[in-house]
Amino acid sequence: MGSVVEINPLTRLEGHGSVKVYREGVRVERVELCLTESPRLFEALLIGKSYLEVPEIVCRICSLCSTVHKVTALLAVENALDAEVSQVTAVTRELMLNGGQLMDHALHLYCLVLPDLLGVRGVAELAAKAPELLKTGLAIKRAGNLIQEVVGGRLIHPVNICLGGLGQRVGKEKLRRLKDELEAVLPACREAFRLFRTPFPFHELPASDFLALEPVDLPLSAKLCRMTGGGSFTVRDYRDHIEESVLPHSNAKYARVLGREATVGSLARLTLGASLTGSALDIFEGVKEEIISRDIRGNSLAQAIELCQATERALGLIDRLIEMGRDGGDNLKPVPRQGRGSAACEAPRGLLIHSYAFDAAGICTWADVITPTALNQGALARDLLALARGMEGEDTAQMTTALERLIRCYDPCISCSVHVMRV
Amino acid sequence: MNRPRLAIAGLTACSGCQLTILNCEDEFPDIAARFELAYFPMAETGCEADALFDAAIVEGAVSTPADLATLFRLRGASRILVALGTCALFGGVAAMNNAISTREELLLQVYGEGEKVPESFAPAPFCNFVSIDYGITGCPPEKHEVAALLSALLAGTLPPVRHYPVCTECRSRENLCLLLEKKELCLGPIIQGGCNARCPATGIVCEGCRGPVREANVAQELELLLERGFDREEIERRMSRFRPEWNYGERR
């Protein structure tokens, strides 16, 4: 007899979603991942707005990723207007992205994933049962947030980064204070991987096709998307290589990249050769056998390595800003013109693409946002089915717990994902 | 001591208001100890869906039948309902085009013709559907205002309500006035303060993310901006970003 097991709502992740497992006896027929977040329609709301307004509005897609949405939007608009910002602006923006990643990974690992490892319900129980661990995680998160506050002017939806430059350059005193705070959490970041190395109690999943931006030396200038198993394309031509369709049960569109189901995020970045340095590199060298060329189960460990990378990278960027002092270039004032521009960044959850077209007066005529969670949706659905099939006959509660844990491996951000591209 | 039972949830939103609670890193262990987080799907598994609460703190605009059902359920199950953030209080960014395009047009633009279109109506604030007991504005809200609310709830009360514009704090910080001295499109005079003029302090105009201040002199602001050469369409577009309906004739 057919039955349906539903997990609704999915918990300890951003946004609204549910999972339905359709069974025939013990046999799993199919698994439906429903991203039921209300449609936000940002791509339509942006049409008719000026080029100056687009980044300020579009960062509201998502709070967890607001910094990277704003930076990517700024880059895409500047690309359309053929404006190249100063070094100090580029370095400051990259510092913000590292702060965003630190905040986001710490939140995900220590508040949302850690309860799974310790067998508790959530962050409140963590506070009672593992107060020191939670405090460590919150301290790392706080350091990332401090970058947002001091450099971006606000914790969420940063204000100080704007089209063509910065509202205000960050002073040396503030940078030094930031440095102290980041150095204080660096030892904890270096140790984080031990905790998140804990293997997941479910069996092997299908191997992933990873997709990430090619690492480059200059801040925020990556232009090439690369995929494991061969294949690459430039950000400018992304629409020729990413194909999206609407699914009946989900408000996010389902994307295929180069005809395959791509996986983006921390593990994808490490697999495709992120330029790690310092202790992040040492940790990676020590654990890479466990995660590389495997499946998504290694993503939490990859995120833990990136905690270390983001902190060390941020410290390096702060040093550069202090060195630059008053040099490094001024703001520029982009002039509206007709054109189209695209840009991509590595968001905490993976590849993020923004693309806009403007008329001669600088009014937006077309907007498109491809989010990591929309890209991951196909791979996540595939893995959910594989996991559910592998657990046929096992206790239902055990299966639903495992499915939720698998979803957290992908660290989805559902409010991002429903800002789908137009067809 | 009985710990107050909280529900923390989101409707059509970016989760930023809920994240603001989790961003209280220094205070969070205390919050977890003093309150029972009975329903908080973003951070807790195994939430009791049909429980009763002392307070429900909810973010987001109402734009789908599911949003409305959640809002009615939490209103009915909770002694105090707090609208958290600009979307919950004024509609927010989701509602910015309410006056100029229909929901059907927007859905069609994004999801295309002939495909499955999600059920959705023009995003609206809570007060269109239910009574609210308290509101915290901001996109995102300020951490200190969330902390003040939680402290007041513990004391069995609610925090006082502020009624002064962004300019009050902006002037006391001695920022350069972007509206009068730089002739930029700053909305400070008509927007609710409490943010310590974050944006003007970095040289960026107030974009109005905290919604209207009580007794806003909207007509005067409009005249000032028109005099400075901004066209009416641009002004209205900027003003609608976080709240679609303004009475442009309102004068105090």
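Conventions used here
- Residues numbered from 1 in each chain as written.
- Chains lettered and ligands numbered in written order.
- Predicted model: local features only at pLDDT ≥ 70, side-chain atom pairs only at ≥ 80, totals over all residues.
- Helix = DSSP H or I, 4+ residues; strand = E, 2+ residues; numbered from the N terminus.
- Rg over C-alpha atoms; globule rule 2.2 N^0.38 Å.
- Buried ≥ 20, exposed ≤ 12 C-beta atoms within 10 Å, placed from the backbone.
- Contact = placed C-beta atoms within 7 Å.
- Core = buried A, V, L, I, M, F, W, Y, C linked by C-beta atoms within 7 Å.
- Domains from an automatic or database assignment.
- Nonpolar A, V, L, I, M, F, W, Y, C, P; charged D, E, K, R; others polar.
- Pairing = 2+ DSSP bridges.
- Axes fitted to C-alpha atoms, helices over the stretch in contact; angles between N-to-C directions.
- Arc of directions from axis to C-beta.
- Expected span 1.5 Å × (residues − 1).
- Bend = angle between axes of the 7 residues up to and from the residue.

Observations regarding the overall build of chain B
What chain B contains, in helices and strands, is 10 helices and 5 strands. Relative to a compact globule of 252 residues, whose C-alpha radius of gyration would be 18 Å, chain B shows 19 Å and is just as compact. By residue count, 51% of the 252 residues in chain B fall in the buried class. Of all intrachain contacts in chain B linking residues separated by at least 6 positions in sequence, the fraction that spans at least 24 positions is 74%.

Remarks on the overall build of chain A
In terms of regular secondary structure, chain A is built from 13 helices and 14 strands. For 423 residues, the compact-globule estimate of 2.2 N^0.38 gives 22 Å, and the C-alpha radius of gyration of chain A, at 21 Å, lies within 12% of that figure. Its C-alpha atoms give chain A principal-axis dimensions of roughly 70 × 45 × 40 Å. Across chain A, the fraction of contacts at a sequence separation of at least 24, relative to all contacts at a separation of at least 6, is 72%.

Focus: the nonpolar core
Counting 217 residues, the largest nonpolar core has A:Val77, A:Leu211, A:Ile305, A:Leu351, B:Ala56, B:Val58 and B:Val82 as the members making the most contacts within it. A per-element tally of this core places helix α4 (residues 87-118) of chain A first, with 16 residues. Two domains each provide a minimum of three residues to this core, namely domain 1 (5-154) and domain 2 (166-239) of chain B. With near-sequence residues (within four places) excluded, B:Ala56 lies in contact with B:Ala7, B:Ala9, B:Leu74, B:Ser78, B:Leu81 and B:Val82.

Quick notes on the interface of chain A and chain B
Taken together, the contact pairs 52 residues of chain A with 48 residues of chain B. The dominant element in the side of chain A that touches chain B, judged by the number of residues it contributes, is helix α6 (residues 131-152) of chain A, at 7 residues. Tallied by class, residues from the side of chain A that touches chain B come to 26 nonpolar, 13 polar and 13 charged.

Focus: unusual backbone geometry
Along the chain, A:Asn8 connects to A:Pro9 via a cis peptide bond; the corresponding omega equals 0 degrees. Here A:Pro9 shows up in the loop between β1 (2-7) and β2 (18-24). With an omega of 0 degrees, the peptide bond running from B:Cys139 to B:Pro140 counts as cis. Here B:Pro140 lies in the loop between β5 (134-136) and α6 (143-154). Residues other than glycine seldom take positive phi values, yet A:His157 does so here, at roughly 55 degrees. Turning to its location among the elements, A:His157 is positioned in the loop between α6 and β4 (161-162).

Side note on the sheet that holds strand β11 (residues 262-263) of chain A
Residues and elements named next belong to chain A. If you trace the 4 strands from one edge of the open sheet to the other, you get β8-β7-β6-β11, paired in mixed fashion. One side of each edge strand has no neighbouring strand; the edge strands of this open sheet are β8 (232-234) and β11. For strand β7 (residues 224-227) and β8, the ladder comprises 3 bridges, and the chain directions are antiparallel. When the sheet's bridge partners are listed, Arg226 is paired in β8 with Ser232.

Examining the domain arrangement of chain B
All names here are of chain B. Here chain B is described as being made up of domain 1 (5-154) and domain 2 (166-239). Look at where the C-alpha atoms of domain 1 and domain 2 centre, and you get two points 27 Å apart. Taken residue by residue, the interface counts 8 residues in domain 1 and 6 residues in domain 2. Here the side of domain 1 that touches domain 2 takes 3 residues from helix α4 (residues 86-90), the largest share from any one element. Classifying every residue of the side of domain 1 that touches domain 2 gives 3 nonpolar, 3 polar and 2 charged.

A word on the environment of A:Leu403
Residue and element names in this part refer to chain A. By the element assignment, Leu403 lies in helix α12 (residues 396-409). A residue is classified by how many C-beta atoms lie within 10 Å of it, and Leu403, with 23 of them, is buried. Residues Leu403 and Asn8, spaced 395 residues apart in sequence, show a C-alpha to C-alpha distance of 12 Å. Sequence-distant contacts of Leu403, that is, excluding residues within four places in its chain, are made with Ile7, Val19, Leu384, Leu387 and Ala388.

What about the sheet that holds strand β14 (residues 364-370) of chain A?
Residue and element names in this part refer to chain A. A sheet is described by the order of its strands in space; here 3 strands give the open sequence β12-β13-β14, paired in antiparallel fashion. Pairing within the sheet leaves two strands with one partner each, and these edge strands are β12 (339-347) and β14. Neighbour to neighbour, the strand axes of the sheet diverge by 10 degrees on average, direction disregarded. As judged from the 6 bridges shared by strand β13 (residues 350-358) and β14, these two strands associate in the antiparallel manner. If you follow Ile353 over to β14, its bridge partner there is Ile370. Along the sheet, helix α3 (residues 66-80) makes contact with β12 and β13, crossing β12 at roughly 150 degrees.

Some points on helix α10 (residues 232-239) of chain B
Residues and elements named next belong to chain B. Among the residues of α10, those classed as buried are Ile235, Arg238 and Met239. Take α10 and look down its axis: the buried residues cluster within an arc of 95 degrees, on one side only. Residues of α10 that are buried sit in contact with α9 (218-227).

As for helix α7 (residues 172-195) of chain A
Residue and element names in this part refer to chain A. Taking 1.5 Å as the rise per residue, α7 with 24 residues should run 34 Å; its terminal C-alpha atoms sit 35 Å apart, in good agreement. When the local axis directions of α7 are compared, the greatest deviation, roughly 40 degrees, occurs at Leu186, which is followed within four positions by the proline Pro187. Within the span of α7, buried status applies to Leu178, Leu182, Val185, Cys189, Arg190, Ala192 and Phe193.

Concerning the pairing of strand β3 (residues 27-34) of chain A
Residues and elements named next belong to chain A. Alignment of β2 against β3, held across 7 bridges, turns out to be antiparallel. Across the sheet, Tyr22 pairs through a bridge with Arg30, a residue of β3. Linkage of β2 to β3, two consecutive antiparallel strands, is achieved through a turn of 2 residues, within which Gly25 is found at a positive phi near 65 degrees.

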